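The lines below spell out each chain.
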Amino acid sequence: MSSDARASPEQQEPNPKIQIYSTSATGVSPFWRDKYEREAKKYWDIFYKRHQDKFFKDRHYLDKEWGHYFSGAGKRIILEVGCGAGNTMFPLVATYPDVFVHACDFSPRAVDLVKMHKDFKETQISPFVCDLTVDDLNLQIPPSSVDIVTMERLTCKDQMISENFYVRGDGTRAFYFSNEFLASLFKDNGFNVKEIGLCCKQVENRSRELVMNRRWIQAVFCPSDAEDLSSSNHASTEVDLPSQENTESSISLKASKEPVEVDMSEGVAADMFGISSSVENEIIQVSLNEENLSIRVLSREYQHTCKSTGLMLWESAQLMASVLARNPNIVSGKKVLELGCGCGGICSMVAARSADLVVATDGDKKTLDLLMQNVASNIAPPFLDKLIVKSLEWGDRGHIEAIKEVNDKGFNIIIGTDVTYIPEAILPLFATARELISPNRGDEEDQASALILCHVFRRVDEPSILSAASRYGFRLVERWPAGISGNSSQGVVGSWFADSGIDKHSFSRALSIMYFQIE
């Protein structure tokens, strides 16, 4: 958040403050601790000088998730605390032109960025510099005149000043809350905790081959004197957690005597609630050999906040689909199972043109709904008649038995693209694959039943994958781009690329293929 988290009320007393400096030694010396305190505003000014309005994405999800708070009869007056460069207020004003926003920030440069924004209008937005730990808001805003209060934040840990209080490499600071402390803070200020829980998500920056683990609190509060909690009268809270124990938070309060909305939000807010049915999808055109597919996925605008990784099209799926399109003999006349196929299902759709049977599976309902739309709009009989979409959560006995009812002889080829990124899912993945693979070992290596995984190594390394595979009776026959023998062009996987015309250089160098057979 742009206004520094130096103090916040714990009890209803004059000027109460959270104790953020411990008496014990911490990771930052007293000299630097005092310097960061004295020059906090300067560091935020430097931050906005460096990043301008490019650091945060515009928060277009607010009207999707909390639109009922901003719409309705009467003009809504909003106070945004820590407004930064306006990434929250400008999307709101564009969607709800009747609202009026008081926008304050700790950094004068951030306020200047708001005033210089192309959509800034004095009739809609009143920006001003304010340090809430010192300044009196009543000098800028009439008392009891605001309907909704929002606060935003960014998160990243660096050096510890004291317990749960950190300074980043650029000198800006952040305070992180635990579940218990956050709940206690609201209780002490007249709120009841209706719901509080931890949510987790992994975000990947493909261009930098960087994976970030994000955790945040989803919570609902209401004033203790409220009689009920309704859809139009509740408090919602999101907090990003850099670790399991603590978090930096930001708060949004509906400032009235009625129950209060608490919106601790940034670009990951949609993670808490899933994807609204009102969110529009986008179409991706995929060219595979001489076949063109139009794949509907979650709009790029919302992908970085999406809870389900299955609602987008991954590069690993495009590589594997290209391999199948150029080498139909891999699945020709065989029974094929795709694990975690996502909404695109492009590997299954390509395989259906040559295979006898294809079962495309995923464990996410919204992903399966979109998958069925994509299948129906891209392939027709007789290929459509050979492709079946089924729900399959790895390790779920009921789901596995349902797949066996479709094909009780086992599958000759099992495919998984980017299904190895969650450590806890690796053993269930191989256990499920072993139950569903055909026992056929074949006379020739390329005729034996196989499990093919195409992925980027993220949180799970190759030794961990190989250990899990061995536990369930799989052996690695070949890997690409480097074959087991050291010369992948002589192996099964290497032959797929030898004369197929696949442009390997058009795909990420981090992608790899692992080709398993049963021992």
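Up top is the structure these notes are about.
As the structure is a computational prediction, the values presented were derived from the model and not from experiment.

*Asks:* I'd like to hear about the pairing of strand E14 (residues 357–362), residue by residue, with values.
*Replies:* For E14, a buried count of six out of six residues is recorded, marking the element as mostly surrounded by other parts of the structure. Residues Leu357, Val359 and Thr361 line one face of E14 and the alternating positions Val358, Ala360 and Asp362 line the opposite face, and both faces are buried. Where strand E13 (residues 335–339) meets E14, four bridges bridge the pair, whose relative direction is parallel. Its bridge partner being in E14, leucine 337 is matched across the sheet by valine 359. For the segment spanning E13, helix H10 (residues 346–351) and E14, crossover handedness is right-handed. As paired strands, E14 and strand E15 (residues 387–391) are joined by five bridges and run parallel to one another. Following the sheet pairing, aspartate 362 is matched in E15 by serine 391. A crossover connection joins E14 to the parallel E15 through helix H11 (residues 365–378); in handedness this β-α-β unit is right-handed.

*Asks:* So what about the nonpolar core? Which residues, and what values?
*Replies:* Counting 53 residues, the largest nonpolar core has Met320, Ile346, Trp496, Phe497 and Ile513 as its most contacted members. A total of seven residues in this core trace back to one element, the largest contributor, which is helix H9 (residues 315–326). Setting aside anything within four residues of it in sequence, one finds isoleucine 346 in contact with Val286, Leu293, Ile295, Leu313, Ala317, Gln318 and Ala321. Core analysis: the next-biggest nonpolar cluster, separate from the first, contains 27 residues, Leu451, Ala468, Phe474 and Ile518 among them.

*Asks:* So what's going on with the sheet that holds E13? Which residues, and what values?
*Replies:* A sheet is described by the order of its strands in space; here seven strands give the open sequence E15-E14-E13-E16-E17-E19-E18, paired in mixed fashion. In this open sheet, the two strands that pair with only one neighbour each are E15 and strand E18 (474–480). For this sheet the average axis-to-axis angle between neighbouring strands, irrespective of direction, equals 20 degrees. In terms of strand pairing, strand E17 (residues 450–456) meets strand E19 (residues 511–518) through six bridges, oriented antiparallel. Note that in E19 the partner of cysteine 454 across the bridge is isoleucine 513. The strands that H11 touches are E14 and E15; relative to E15, the one it contacts most, it runs at about 170 degrees.

Cut-off values and rules
- Residues numbered from 1 in each chain as written.
- Predicted model: local features only at pLDDT ≥ 70, side-chain atom pairs only at ≥ 80, totals over all residues.
- Heavy atoms only, no water.
- Buried < 20%, exposed > 50% of the residue type's maximum accessible area, 1.4 Å probe, protein only.
- Helix = DSSP H or I, 4+ residues; strand = E, 2+ residues; numbered from the N terminus.
- Pairing = 2+ DSSP bridges.
- Right-handed = clockwise from strand over helix to strand, strands pointing away.
- Core = buried A, V, L, I, M, F, W, Y, C linked by side-chain atoms within 4.5 Å.
- Contact = heavy atoms within 4.5 Å.
- Axes fitted to C-alpha atoms, helices over the stretch in contact; angles between N-to-C directions.

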